Amino acid sequence: MPKPKRTPRPAPTRTVELTTATRVCPGCDRPLWAAYKGRRVVATLEGLTRFAVQVRRCRDADCPRHNVSLRAEAEGAIALPQQEFGLDVIALVGRLRHVEHRGVAEIHAELTRRGVGICVRSVSCLLDRYDELLALSLSDPARLRRVVAEAGRVILAIDGLQPDVGHEVLWVIRDVLSGEILLARSLLSSCRADLAKLLGEVRSALQPEAEGAAGVPIVGVISDGQHSIRDAVAEALPGVPHQLCQFHYLREAARPIYEADRHAKVTLKKKVRGIRPIERAVEGRDDDEATAIRGYCAAVRTSLTDDGRPPLAASGLVLRDRLAKVAEGLDEVGAKKGLPKELTRLRAILAGGLEATDSAWPEVRAAFGRVHRAAAILRNKAGLDAAGVRRRFVGLMGEIGRHRDAAGGLDDAVGHFLKVTRSYWPGLFACYDTAGLPRTNNDLEQLFGSYRHHERRCSGRKVASPGMVVRGSVRLVSATATRLRPIERADLVPSDLAAWRALRGGLERRQEVRKMGHRFRRDPAAYLLSLKEIMIKPALPS
């Protein structure tokens, strides 16, 4: 736990006076009265500074802004209200965290080296302020319309991130063409109504109903095919083409086929045992024969440890083919000059494994062949339109259905492939008729992966932290933007302090819920007792 700061704060090194540029009341157009000078001390990168801030008020009792304080405009570009650190310090903290991947202790050490007196706990607070201010600036609707207006249209990508099952989901809506994050929000559920509301907010921001405001049309949506997202898009964006991610489709459709391949691979690996004793038998030898023996053993071990990922990587088939090639090479050597006892033993091990699983591979190979054909049709190298790709896919599905009886033990897997295809069918081909609409949602998935990677580099945590979702609605946006361009103090100046306070309050309420769960896990009895005392406490007289 960080130690509290016990040393007194040094005296300011300089004093700066800030005067108001507005001398006339906005409410009644009469001269403002110089009421007083507020004094505050702010720690900046230039040193500890005392600011004398001029405050003016309207003295007209009939003015709607009577006695409303108007402070020097330059104050807002230096520090936040009631904050003791300048925006330049906050900008430096954000750059050290998101660009240089420094931890909280390392940021504290760097600020101390620069002469900024700060405790470790305050570094975390400044990092939160950085995320809030930058995310608020980047999410301004007018700015977003300017960014996406360059392409003249918008294609939305939507996906959710849930590192902790049973807790909030961080939903992100991003423009495919500009790469701009249009909205990031943590929700307790992923139902149709909540997602439709998010899409409606994006649509309202890009297509304002106010007269004279230029809107940017939404011409397409890409998602992973979750049913709640499909229903939400149909409700919030009727008539907009909705492409379902073809990668997610193939991964879901080919899952039983991949599992059959993996099961056969596990069986094959169990049979191929005893490679290490062969290598130990030639330890200490440096002749050519020993080198060749070690080379064959290395090839087998590399094949056994090489795994693939669904949906197109048939790692079991790859393992079987590689081991068969090693066995063929040994047979060729044995036919010419005979094999030493070590390689004879290796050849017997390979033969046992290949023979034990030989009956499993033809069905798996045929099934994966059709999966690869489906992927080739969807890849559409011929440049066909949606109708042409659909016709080719209909032919393939008909062929799969006709030959289903010949699938043997993979009959259920083929049925699953056809069932998933029927579910995804309405959204598989929209990308071929809408320019710029991607076939997959992998770009947004890669954004999440990059975010998790950088968070691990900063924090050292191997698993995702709860803050990834609790504060992800601002942290994901700010971290992504900080790595793309340098963020200066001017980028953090809030245009609407009330909006910043509302954003900060919402994030703190989410953090408080997580804290309550932590208190319950630490001491359930004390936690429940405190809630009981709250409920039975007598109400105060009105």
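Structure shown above.
It should be emphasised that the depicted structure is a prediction, and the values quoted were computed from it without experimental measurement.

A. Representation of the overall build of the protein within the structure. The secondary structure content of the protein amounts to 20 helices and 9 strands. If you line up the protein on its principal axes, its C-alpha atoms span 105 × 65 × 55 Å. Within the protein, contacts between residues separated by at least 24 positions form 67% of all contacts whose residues are at least 6 apart in sequence.

B. View of the side chain of Arg-40. Relative to the elements of secondary structure, Arg-40 occurs in strand 2 (residues 33–44). Among the polar contacts listed, one links the side chain of Arg-40 to the backbone oxygen of Leu-80, at a separation of 2.9 Å. A distance of 2.7 Å separates the side chain of Arg-40 from the backbone oxygen of Gln-83, its partner in a polar contact. Residues in contact with Arg-40, not counting those within four places in the same chain, are Thr-49, Arg-50, Phe-51, Glu-75, Ala-79, Leu-80, Pro-81, Gln-82 and Gln-83.

C. Broad picture of the packing of aromatic side chains. Counted under the stated rule, the structure contains 7 aromatic pairs. Look at Tyr-249 and Tyr-424: their rings are 5.5 Å apart centre to centre, the planes differ by 50°, and that puts the pair in the tilted class. One end of the pair, Tyr-249, is in helix 7 (residues 246–253); the other, Tyr-424, is in helix 15 (residues 411–424), and 175 residues separate them in sequence. Take Tyr-249 and Tyr-424: they sit in the same class, and that class is buried.

D. Representation of the sheet that holds strand 9 (residues 242–244). Read across the sheet, 5 strands follow the order 7-6-5-8-9 without closing on themselves; strand pairing throughout is mixed. The strands lining the two open edges of the sheet, one partner per strand, are strand 7 (181–187) and strand 9. Going from strand to strand, the sheet's axes swing by 20° on average, the running direction of each strand aside. Pairing geometry for strand 8 (residues 218–223) and strand 9, over 3 bridges, is parallel. Bridge pairing links Val-221 to His-242 in strand 9.

E. Inspection of a nonpolar patch on the surface at higher detail. On the surface, Phe-520, Leu-528, Leu-531, Ile-534, Met-535 and Ile-536 cluster together into a nonpolar patch covering about 630 Å² of accessible area. Among the elements that make up the nonpolar patch, the one with the highest residue count is helix 20 (residues 524–536) (5 residues). Along the chain, the position of Leu-528 falls in helix 20. By relative accessible area, Leu-528 is classed as partly exposed at 48%.

Calculation rules
Residues numbered from 1 in each chain as written. Predicted model: local features only at pLDDT ≥ 70, side-chain atom pairs only at ≥ 80, totals over all residues. Heavy atoms only, no water. Helix = DSSP H or I, 4+ residues; strand = E, 2+ residues; numbered from the N terminus. Contact = heavy atoms within 4.5 Å. Polar contact = N/O pair within 3.5 Å; in protein donor to acceptor, adjacent residues only side chain to side chain. Phe/Tyr/Trp six-rings, centres within 6.5 Å; stacked < 30°, edge-to-face > 60°. Buried < 20%, exposed > 50% of the residue type's maximum accessible area, 1.4 Å probe, protein only. Pairing = 2+ DSSP bridges. Axes fitted to C-alpha atoms, helices over the stretch in contact; angles between N-to-C directions. Patch = residues over 30% accessible without salt bridge, like charges linked within 9 Å, V, L, I, M, F, W, Y side chains within 5 Å. Areas by Shrake-Rupley, 256 points an atom, 1.4 Å probe, with all protein chains shown as cover. Salt bridge = Lys/Arg side-chain N within 4 Å of Asp/Glu carboxyl O.

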